[in-house]
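# Coordinate inspection notes
The lines below spell out each chain.
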Number of protein chains: 2
Amino acid sequence: MKKFNPRLYFITDSTLYEKDEFLRRVKAALDGGVTLVQLREKERTTREYLELARAVHDLTLKYNVPLIIDDRLDIAMAADTEGVHLGQSDLPINIARNIWGKDKIIGATAKTVEQALEAYEQGADYLGVGAIYPTTTKVKTILTSTEMLDKICHTVPIPVNAIGGLNKDNIDVLKGIPIAGVCVVSAIMKADDPKSAAEELSKAVSDKLGIM
Amino acid sequence: MKKFNPRLYFITDSTLYEKDEFLRRVKAALDGGVTLVQLREKERTTREYLELARAVHDLTLKYNVPLIIDDRLDIAMAADTEGVHLGQSDLPINIARNIWGKDKIIGATAKTVEQALEAYEQGADYLGVGAIYPTTTKVKTILTSTEMLDKICHTVPIPVNAIGGLNKDNIDVLKGIPIAGVCVVSAIMKADDPKSAAEELSKAVSDKLGIM
C-alpha cells in the first residue's frame, strides 16, 4: 500500500562522506524523525548506486520510512524501494507509472504551474517545488518564488513540498502556504549532529508551519 | 520471441556528431548490413537518453534489427527496446532478468572465465569479450587476450562476441576462435562512408572468420 508522509523529507548527498559516515548520518536523521528519505546520486556507476540504495534501504526499512530513489527507475526497481523521484530531465512520470505500477510512490519536480499540472495528470504522487533559496547541492539553481509555490499548491490536489536551501531558521517564509512538508539536504546532511538537526527541523515544521 | 544475430554488432557513439548526422550514420550502418545495434550513452540525462533511444529504435525497427541499450534498464524498458547490455559496473544480470522477463535480450561483458560463467549462470543471452585491441572509445581499456577469448567461447554455451579496436583489416587474429560475431564502434561510426564500412566488415566476417 502506498503511504507516505512528506512533512520532513530528507534528501541525501553522499559525496561529502565516506560510506560508513554517510550511513551513520542517514541513520541519525532517521533517529531524529525524518519522515521520508531520498537517495540522490549523480556520479556513481549503476552498480555503486544500487549497492548504496540497498544499504540505505536496510536502514529506512527498520524505521518504516519510505525510500525514494532519485532519477533512476532501474535502481528503484532493482533495490525494490518504495518510490522514485523524477525531475524534468528524467523519465516522464506516465512512462515510469506504466512500468512500475500504481502502488509505488512517484514524485516529480515542478517549477511552474504547467509542469505541476502535467506531472499530476501523468500520475505523480507528490511534487517538489523550488528552489526557494539558493542551494549549494546543485550546480545551477533556478529559484522559484513563494508566490509560485503557493499557486502550485492551490492548483494540484497532491502533496507539494518546498525545497531549496531550507533550514529551521528560514522556513518562516513558507508560513501560510499549504505545503505538505519541506525537503532538506544540507540542513541535515552537513549538520554537526544530524539527529539534533532533524529533531529541530521537525519541531520548526510543527511550530512555524503547523504541519504535524 | 527472442531472436538475434550478433555476427556484426554495431555499438554507437553519438558524442562525435549532431543528432541528425548521428541518426544518418546509424541508418547507413543498417543499410550496410549490421545485424545488431547497441546505443551506448554515458553523458546524457535520462530524458535525453530516452529520446535518442526512441529515435534509433524507430530506425532499427524498420530493418528488423534488435536494439540493445547499454547499462540502463530503465531506458530499455521505457523505449521498449529488444534488449539491454550490462557491464560489470551495471545492474547484475539476474536482477535485470527478474525485472524484465525471459523474452528480452540481456547481454553481458566478461573479461575472465569467472565473469563469463557468472553472467551465463545469471541468465545472459550473449557475452561481449575484449578489448582485443586498444580502443579510443573508452577512457581506460583493459586488454583481453585471444587465448582468454577462446577459453571463454569453449566455457559458455551462449554466443560470444569479440570487441575492442576491431576492423576489417585486423579481425584475422580471431580466426579459428568460435566467436559468434564482432562488435565494432569506430570502424563504422567514424568511417567516411558508414554503409560501405559495414558492408566491407560484413564481407570480412564471412570471408576471414567464416561467420555467415
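Structure's up top.
To keep things clear, this report deals only with the structure shown in the data block. (Residues numbered from 1 in each chain as written. Chains lettered and ligands numbered in written order. Predicted model: local features only at pLDDT ≥ 70, side-chain atom pairs only at ≥ 80, totals over all residues. Heavy atoms only, no water.)

The next subject is the overall build of chain A. Looking only at helices and strands, chain A has eight helices and eight strands in total. The principal-axis extent of the C-alpha atoms belonging to chain A is close to 40 × 40 × 35 Å. Here chain A holds 212 residues, and the buried ones make up 56% of them. Here chain A displays about 9,300 Å² of accessible surface, and carbon together with sulfur accounts for 50% of that area. Taken together, the 27 basic and 30 acidic charged side chains of chain A have centroids lying 2 Å from each other. (Helix = DSSP H or I, 4+ residues; strand = E, 2+ residues; numbered from the N terminus. Buried < 20%, exposed > 50% of the residue type's maximum accessible area, 1.4 Å probe, protein only. Areas by Shrake-Rupley, 256 points an atom, 1.4 Å probe, with all protein chains shown as cover. Lys, Arg positive; Asp, Glu negative; His and termini not counted. Charge placed at Lys NZ, Arg CZ, Asp CG, Glu CD.)

It takes a turn of 180 degrees to lay chain B on chain A, together with a shift of 0.0 Å along the axis; the resulting RMSD is 0.0 Å. What we have between these two chains is a two-fold relation. Ranked by how close their C-alpha atoms come to the rotation axis, the residues of chain B are headed by Asp74 of chain B, at 2.4 Å. (Least-squares fit on C-alpha atoms with pLDDT ≥ 70 in both.)

It is worth spelling out the pattern of salt bridges at this point. Residues and elements named next belong to chain A. Within this structure, the stated rule accounts for 30 salt bridges over all chains. Residue Asp125 pairs with Lys2 through a salt bridge whose shortest N-O separation is 2.8 Å. In this pair, Asp125 is assigned in the loop between helix H5 (113-122) and strand E6 (126-130) and Lys2 in the segment before strand E1 (8-11), connecting sequence segments 123 residues apart. We note a salt bridge from Asp103 to Lys102, for which the minimum N-O separation is 3.3 Å. On the basis of relative accessibility, which here comes to 62%, the residue Lys102 falls in the exposed class. (Salt bridge = Lys/Arg side-chain N within 4 Å of Asp/Glu carboxyl O.)

Turning next to the interface of chain B and chain A. Interface size is often expressed as the accessible area that is lost when the parts come together. At the interface, 19 residues of chain B touch 19 residues of chain A. For the pairing of chain B and chain A, the buried interface totals around 1,600 Å² over both sides, and the portion due to carbon and sulfur atoms is 62%. Close ionic contact of Arg72 of chain A with Asp74 of chain B constitutes a salt bridge, the shortest N to O distance being 3.8 Å. In this structure, the connection of chain B to chain A is made through 10 residue pairs in polar contact (both at pLDDT 80 or more). Breaking the side of chain B that touches chain A down by element, the ones donating at least two residues are helix H2 (46-62), helix H3 (73-79) and helix H4 (93-100) of chain B. Its residues assigned to classes, the side of chain B that touches chain A comprises eight nonpolar, five polar and six charged. (Contact = heavy atoms within 4.5 Å. Buried area = accessible area lost by both parts, 1.4 Å probe. Polar contact = N/O pair within 3.5 Å; in protein donor to acceptor, adjacent residues only side chain to side chain. Nonpolar A, V, L, I, M, F, W, Y, C, P; charged D, E, K, R; others polar.)

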